[in-house]
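Structure assessment
Here is what each chain is made of, one letter per residue.
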Amino acid sequence: MATVQLKSDFIFDLLKRFLQTDEGIAVKNKVNLVYQFNLAPEKIGKDEVSYTIDLKKGEVIKGPYEGGKPDTTFTLKDEDFVKLADGKLSPQIAFMRGALKIKGSLSAAQKFTPDIFPKRPKL
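Since this is a predicted model, take the numbers as computed values, not measurements.

Once that is clear, we can look at the pairing of strand 1 (residues 34–40). Within strand 1, seven of the seven residues are buried, leaving the element largely enclosed by the surrounding structure. What you see with strand 1 is no split at all: Val34, Gln36, Asn38 and Ala40 on one side and Tyr35, Phe37 and Leu39 on the other are buried throughout. In the sheet, strand 1 pairs with strand 2 (residues 49–54) via six bridges, with the strands oriented antiparallel. Bridge pairing links Val34 to Asp54 in strand 2. Note: strand 1 against strand 4 (residues 72–77), six bridges, orientation parallel. Across the sheet, the residue bridging to Leu39 is Leu76, located in strand 4.

Set out below in structure tokens:
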């Protein structure tokens with residue numbers, strides 16, 4: 001299978017750097033959960049790429065979580081993830097529309113808000 005390039009790769013790189021800052025460390029300490037994202041380039045369930053955001057250790061890893069089960073797994077399209085990270089799409093609305101699938105703890109899912117992401121520079 002060919003390597004899939006996602007629009008959201010840039011956001012995960014930013015988040016990885018953000019979690020090393022004082023503000024990022026504060027977010028990590030506040031949330032203290034592990035999230036896995038399964039992102040589909042076009043259609044959920046097809047050619048998904050996984051990312052793990054470990055807010056217990058302050059790490060962002062390309063690939064599925066390997067330390068057991070993540071607290072919550074989110075599955076959505078790449079373009080919807082970008083909108084979610086930019087605050088242009090509400091996680092609750094995405095879930096109600098079926099654009100966001102959640103597996104695992106719903107209380108942990110509710111702690112994952114767009115505030116976790118650093119603000120992206122305007123291009």
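Once that is clear, we can look at the UniProt feature "domain: SCP2" (unreviewed entry) in the chain. The residues that UniProt annotates with the feature "domain: SCP2" (unreviewed entry) are residues 29–113. In this annotation, residues 29–113 is assigned 27% helix and 33% strand; the end-to-end C-alpha distance for the span is 15 Å.

Looking now at helix 3 (residues 78–85). Owing to its 3.6 residues per turn, the α-helix aligns residues three or four sequence positions apart on the same side. For helix 3, the tally of buried residues reaches six of eight residues, placing the bulk of the element in the interior. Where the residues of helix 3 are buried, they touch helix 1 (9–18), strand 1, strand 4 and helix 4 (91–97).

Next up on the list: the environment of Ala109. Inspection of the secondary structure assignment puts Ala109 in helix 5 (residues 106–110). Taking the C-alpha atoms as reference, Ala109 lies 8.2 Å from Thr73; in sequence the two are 36 residues apart. Discounting chain neighbours no more than four positions away, the residues touching Ala109 are Tyr35, Thr72, Phe74 and Ile102.

Rules behind the numbers
- Along each chain, the written sequence defines residue order, and numbers are assigned to residues from 1.
- Only residues with pLDDT of at least 70 are given local features in this predicted model, and only at 80 or more are side-chain atom pairs given and counted; all residues enter the totals for whole chains, interfaces and linings.
- Computation of side-chain values covers all heavy atoms of the structure but excludes hydrogens and water.
- Partly exposed residues are those whose accessible area sits between 20% and 50% of the maximum for their type, while under 20% is buried and over 50% is exposed, using a 1.4 Å probe and protein chains only.
- Helix and strand labels come from DSSP, where a helix needs a run of H or I of at least four residues and a strand needs a run of E of at least two; each type is numbered from the N terminus.
- The pairing criterion is simple: DSSP has to find at least two bridges between the two strands.
- UniProt positions are given in the numbering used here, feature names are shortened, and annotations may be inferred rather than shown by experiment.
- In what follows, a contact means two residues having at least one pair of non-hydrogen atoms within 4.5 Å.

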